[in-house]
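What the coordinates show
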Amino acid sequence: MSQIKYQSPRGTHDLLPEEIDKWRFVEATFRSLCAKYSFQEIRTPLFEQTELFARATGESSDVMVTKQMYSFVAPDEQSYTLRPEGTAGIVRAYLEHNLSERGPVAKLFYIASIFRYEAPGAGRYRQHHQCGVEMLGAAGPEADAEVLALSRDFLAALGIEAQLKINSLGTPQSRRDYVAKLRAHLEPQRASLSPDSQRRFEVNPLRIFDSKDPRDHAALQGAPRLLDHLAQHDPESLQHFQTLCATLDGLGIGYQIDHELVRGFDYYSRTAFEWVSDKLGAQSTVLGGGRYDGLVEELGGNPTPGIGFGAGIERLLLVREASGASPLEAAPITAFLVTLGEGARAAGAKILAELRANGIACDRDFVGRSMRAQMREANRQRARFTLIVGEDELAVGTVSLKNMESGAQETLELARAIEVLRGVS
RNA sequence: GCGGGCGUAGCUCAUUUGGUUAGAGCGCCAGUUUGUGGCACUGGAGGUAGUGGGUUCGAUCCCCAUCGCUCGCCCCA
């Protein structure tokens, strides 16, 4: 440990064999659900032109966000950035390949690495991994319900308990008026806000809702609510929200309306949602998403509605374990070849090849260990059978097949043993 | 970016008011007679105590720095 010269960069992690099965489980669960919901996988480049992400993360905060991106100048002297989120690249691909021409609605999903230069914390890394979906071209609340139903099924399949919170942000226009109202409400108490929120008051008053400072909570008492504002000035958004709620009721998806659930960027509209868990301390969101009807246009396309969600795999696994979901184990191999003597050892490669040609997962000893050690290794790998080949067997062309669970052993021709092993593979 | 805690074998942790060869459990390797695992027993390998400085006769232990992890704050696409 002390002679270590290189280590993985801060906030990045190696996924070792003993933990990879959990990841594969999450990914396989997500893929199979997406297939069920008819979402199709898309893979976009790990990096894009910096400009794309700068645009997609909004003009107002791009200075701040840019500091949290892994940007670099390539030999072509252009600036590129490792993707800090999943949606922008997909929208770019949607526009670049005119996916809108293939049908009115594109339902896409991705599993991707995400890079953000920020302080690592629980469930928060500089390279993390997300499962997400994007549904482009459908403006109605049934699209929201589709995405939410998938998210519900996903968490349920993972054995994660979480609560759904939803809210409506209205349209950028109606939200602008709301922000003005909110400012008006807070103005008189401005001096009593936390220092951070006094800054937010200038930059992005909606964010004050995210504050944990009691002073800010006090100031927000009696603040105007988004949904009330929509009722008066944006009836279409309210109708959208109410229809969604009714649909969720019909689907048996429980939710909680959270008037303080907000999003920072302009292209967000209407539905915003988060699945939260109390299992994680400060990082409570396990899956978040919402509608972004303004994004495609922002990135140069025709006005196109969109809604999606993203969920960090690291955090899903943390919550899953905190919830006491059953651990996952690697699939054992079917057979372990034990050889005795040089002749058998030399013949081993060919026997393994035959087993594998018949679809049998198998392994052997590669360091010339004793039979006892080979048996131990077979046990350690939880092999279901050992195939023992010694000089005796070699001489008459047979093998000894031992069932490691029952301990029963029989000597038979290799071809027969393969028949048996194929039957259990 | 700010503040608190932590950093001893592969893993989980002991140890020291600063004092000879830093320990345990698990894991790993080997053996317990001749070709048989899981249990048990025996033995073994493995650590310049994250790293670099400093204080001291002497540092794993005290001080500083640095890297990493962690908790909270900021931020959160």
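None of the values given here were measured: they were computed from a predicted structure. (Residues numbered from 1 in each chain as written. Chains lettered and ligands numbered in written order. Predicted model: local features only at pLDDT ≥ 70, side-chain atom pairs only at ≥ 80, totals over all residues. Heavy atoms only, no water.)

What follows concerns the overall build of chain A. The helix and strand tally for chain A stands at 16 helices and 16 strands. Summarising its shape, the C-alpha atoms of chain A cover approximately 95 × 55 × 45 Å along the three principal directions. The buried share among the 425 residues of chain A stands at 48%. The contacts of chain A with a sequence gap of at least 6 include a subset with a gap of at least 24, amounting to 69%. Looking at chain A as shown, the accessible area adds up to about 21,700 Å², and 49% of this sits on carbon and sulfur atoms. Each charge class in chain A can be summarised by its mean position, and for the 48 positive and 56 negative side chains these summaries are 4 Å apart. (Helix = DSSP H or I, 4+ residues; strand = E, 2+ residues; numbered from the N terminus. Buried < 20%, exposed > 50% of the residue type's maximum accessible area, 1.4 Å probe, protein only. Contact = heavy atoms within 4.5 Å. Areas by Shrake-Rupley, 256 points an atom, 1.4 Å probe, with all protein chains shown as cover. Lys, Arg positive; Asp, Glu negative; His and termini not counted. Charge placed at Lys NZ, Arg CZ, Asp CG, Glu CD.)

This next bit is on unusual backbone geometry. You will see that S38, though not glycine, has its phi angle at about 60°, which is positive. Mapped onto the secondary structure, S38 falls in the loop between α1 (17–36) and β1 (40–41). Unusually for a residue other than glycine, E77 sits at a positive phi of about 70°. Of note, E77 is situated in the loop between β3 (71–73) and β4 (79–82). Judged by its relative accessible area of 71%, E77 falls in the exposed class.

A few words on a nonpolar patch on the surface. A grouping of L46, F47 and F72 is seen on the molecular surface, where their side chains present a nonpolar patch of about 250 Å² in accessible area. Examined against the element boundaries, F72 turns out to sit in strand β3. With relative accessibility at 33%, the residue F72 sits in the partly exposed group. (Patch = residues over 30% accessible without salt bridge, like charges linked within 9 Å, V, L, I, M, F, W, Y side chains within 5 Å. Salt bridge = Lys/Arg side-chain N within 4 Å of Asp/Glu carboxyl O.)

With that settled, the discussion passes to the sheet that holds strand β8 (residues 256–257). What holds strands together in a sheet is hydrogen bonding between their backbones, with the strands either parallel or antiparallel. Within the open sheet, the eight strands sit side by side as β1-β5-β6-β11-β10-β9-β7-β8. Their pairing is mixed. A strand with exactly one partner marks an edge of an open sheet, and here the two such strands are β1 and β8. Where strand β5 (residues 106–115) lies against strand β6 (residues 127–136), 10 bridges are found, and the strand directions are antiparallel. Bridge pairing links I111 to C131 in β6. (Pairing = 2+ DSSP bridges.)

Turning our eyes to something else, we now look at the side chain of S211. With respect to the element layout, S211 can be found in the loop between α7 (195–203) and α8 (214–220). A distance of 3.0 Å separates a polar side-chain atom of S211 from the backbone nitrogen of D213. Not counting residues up to four positions away in its chain, the partners in contact with S211 are S197, R200, D216 and H217. (Polar contact = N/O pair within 3.5 Å; in protein donor to acceptor, adjacent residues only side chain to side chain.)

Further remarks concern the domain arrangement of chain A. It is common to report an interface's size as the accessible area lost on association of the parts. By the assigned domains, chain A splits into domain 1 (17–171 + 234–322) and domain 2 (335–424). Each of domain 1 and domain 2 was reduced to a C-alpha centroid, and the two centroids are 49 Å apart. (Domains from an automatic or database assignment.)

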